[in-house]
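Read off the chains here:
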Amino acid sequence: MVWTSDAVANYPPKSEATMHLFSEFRTLILCALILLVPGCVTTTPFTKTETLQGKSLLYIFRPDSLLSRGSQVRVDINNQTKGVLINKSYIAVQADPGKNTITLLVNDFIGNTLDSMVLETKAGKAYFIKAEPGVFGAFSLVELDEEAGMREVSSTESYQTN
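Everything numeric in this text was worked out from a predicted model, so none of it was measured.

Draft legend 1. Inspection of the side chain of Ser89 at higher detail. By the secondary structure assignment, Ser89 is in strand β5 (residues 89–95). There is a polar contact of 2.7 Å between the side chain of Ser89 and the backbone oxygen of Ile86. Non-local contacts of Ser89, meaning those with residues more than four positions away in its chain, are made with Ile60, Phe61, Arg62, Thr156, Glu157 and Tyr159.

So this is what it looks like as structure tokens:
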């Protein structure tokens, strides 16, 4: 048998029924993926949290930034994981007054530390800690005063996975 360019392009022979079935299968897979994606994460715009009696309130947030946009950063307070920050997100944590060590870690199996700070907190007071993204995946923790902190954290959202 002599192979011509026509024969190669049409090998193996494709029937119209096979092509139609493949097209429907591809459409079904695409629809399933589209329906699954929105169900993975629920977002809630920033909501001010009341400080519990005898506790300090820590707002730890990550602003909207092009730097390190796709990375997830784990937040530990006093060596306990409190949540994960993605771009334009925040977590609110009720903490015991006194020294609180806030640590940002890469959210992977290694858990490399990105930055850490010790914050002396008082009961009944809110604190605003910004996880400022930098170049090459770096992050810096910055404490903001209440006015600047409230202004910046109010443009973030809380993300909850389903």
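Draft legend 2. Examining the sheet that holds strand β4 (residues 80–85) more closely. The sheet built from four strands is open, its strands ordered β4-β3-β6-β7 with antiparallel pairing. Each of the sheet's edge strands pairs with one partner strand only, and the pair in question is β4 and β7 (113–121). The mean inter-strand angle of the sheet, taken between neighbouring strand axes irrespective of direction, is 20°. For strand β3 (residues 73–77) and β4, the ladder comprises five bridges, and the chain directions are antiparallel. Along β4, the bridge assignment pairs Ile77 with Gln80.

Draft legend 3. Broad picture of a negative patch on the surface. A grouping of Glu143, Asp145, Glu146 and Glu147 is seen on the molecular surface, where their side chains present a negatively charged patch. You can see Glu147 is positioned in helix α3 (residues 146–153).

Calculation criteria
- Residues numbered from 1 in each chain as written.
- Predicted model: local features only at pLDDT ≥ 70, side-chain atom pairs only at ≥ 80, totals over all residues.
- Heavy atoms only, no water.
- Helix = DSSP H or I, 4+ residues; strand = E, 2+ residues; numbered from the N terminus.
- Polar contact = N/O pair within 3.5 Å; in protein donor to acceptor, adjacent residues only side chain to side chain.
- Contact = heavy atoms within 4.5 Å.
- Pairing = 2+ DSSP bridges.
- Axes fitted to C-alpha atoms, helices over the stretch in contact; angles between N-to-C directions.
- Patch = residues over 30% accessible without salt bridge, like charges linked within 9 Å, V, L, I, M, F, W, Y side chains within 5 Å.
- Areas by Shrake-Rupley, 256 points an atom, 1.4 Å probe, with all protein chains shown as cover.
- Salt bridge = Lys/Arg side-chain N within 4 Å of Asp/Glu carboxyl O.
- Lys, Arg positive; Asp, Glu negative; His and termini not counted.
- Charge placed at Lys NZ, Arg CZ, Asp CG, Glu CD.

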